[in-house]
Amino acid sequence: MTLAPLADPTDLPPAWADHEDAAKALAVASSAIRDAAEGPIAATTGTVTIDAPGGTKLALPGPIRAITAVTIDGRPVTDYRNLGDGLWRRGGWGDDHAPVAVTATFGLPEVPADIAELCVSLAVAWLEHRTAGASSTAGLTSVKIDDASETYTDEAASQITPVYIPELTRAWLRARFGGGVAVVETL
C-alpha cells in the first residue's frame, strides 16, 4: 500500500527541493513516521482487520473520521459506537479471536505542521546521508584518530540510516495518533 508523503518536495529547503531523490526521501521519512505512530496520520480510507479483542473497545488508528462497514468473521455488525480512536460495542467483540474488519476513513484531513516538519527533517537527513556516500555513522558520539577508536550511543547503535525515530518520539506518535493497529488495505 502506498500512501501520500506527509510533506511535499516544496516543503524541503531549496537546496533539496529539486533533488532527484526528494520524493523518495519524503516517502522513506513518511513511512518511518507512520510506522512509529502505528497509524496513517493523514486521512486515508482503508480496511483494518484484527482479532476480536474480547472486551467492549476495539482500538483502531485514530482519529476515525467515517465508518463504511464493520464485520466480525464476515458478518456485518451495526451495534457499535465510534469513539474516535476505536469502536465500542455493549456486548463486546467476542472472545473467540474472530477477525474484525473495519472499513473507514482514518487520520486527519491535513498533516499537522509539526509532523510535516519532522518528515522534512528526516528526509533532509536521508538526502544528506545518501549524498555523502551512505556510509553509516549511526550513534557515533566520538572518534579518536590515534589508535583508531570510536564511541557509540546504546540506543542508536543499531541505526543504519538517519531515518531513525527514538523510542520517546515513537511513544508520543503512538499516543497522539491512536497507534496499535495498522491499515492493511487502502481503497
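The coordinates are above.
Notes on the structure follow. Bear in mind that the values here come from a model prediction, so they are computed numbers and not experimental data.

Calculation notes
Along every chain, residues carry numbers that run from 1 in the direction the sequence is written. Since the coordinates come from a predicted model, pLDDT governs what is reported: local features require at least 70, and pairs of side-chain atoms require 80 or more to be given and counted, while whole-chain, interface and lining totals use all residues. By convention in this description, side-chain values take in all heavy atoms of the structure and omit both hydrogens and water. Note on pairing: two strands pair once DSSP finds at least 2 bridges between them. Put simply, DSSP H or I for four residues or longer makes a helix, DSSP E for two residues or longer makes a strand, and each gets a number counted from the N terminus. One less than the number of residues in a helix, times 1.5 Å, gives the span that helix is expected to have. By definition, residues are in contact when any of their heavy atoms lie within 4.5 Å. Working convention: axes come from line fits to C-alpha atoms, limited for helices to the stretch in contact. Angles between N-to-C directions cover 0 to 180 degrees. Orientation is classified from the angle alone, with under 35 degrees giving roughly parallel, over 145 giving roughly antiparallel, 65 to 115 giving roughly perpendicular, and any other angle giving oblique. Classes in brief: Ala, Val, Leu, Ile, Met, Phe, Trp, Tyr, Cys and Pro nonpolar; Asp, Glu, Lys and Arg charged; the others, Gly included, polar.

**Quick notes on the sheet that holds strand β2 (residues 57-59)**
Read across the sheet, three strands follow the order β2-β6-β5 without closing on themselves; strand pairing throughout is antiparallel. Each end of this open sheet is capped by a strand with a single partner; those strands are β2 and β5 (81-82). Where β5 and strand β6 (residues 86-88) come together, two bridges link them in antiparallel fashion. In the sheet register, R81 faces β6, and the bridge partner there is W88.

**Details of helix α2 (residues 22-37)**
Taking 1.5 Å of rise per residue, 16 residues should cover 22 Å, and α2 covers 22 Å from first to last C-alpha, within 8% of that figure. Elements in contact with the buried residues of α2: α1 (14-17), α3 (113-131) and α4 (167-177). Just past α2, the residue E38 takes up positive phi, approximately 60 degrees.

**Some words on the packing of α2 against α4**
Look at α2 against α4: their axes get within 7 Å of each other, and the N-to-C directions meet at 70 degrees. By the angle between their directions, the pair α2 and α4 is classed as roughly perpendicular. Here α2 contributes I33, D35, A36 and A37 to the contact with α4, which in turn contributes R170, L173, R174 and F177. Of the residues assigned to the contact of α2 with α4, the class counts are five nonpolar, no polar and three charged.

All we've got here are geometric facts, nothing functional implied.
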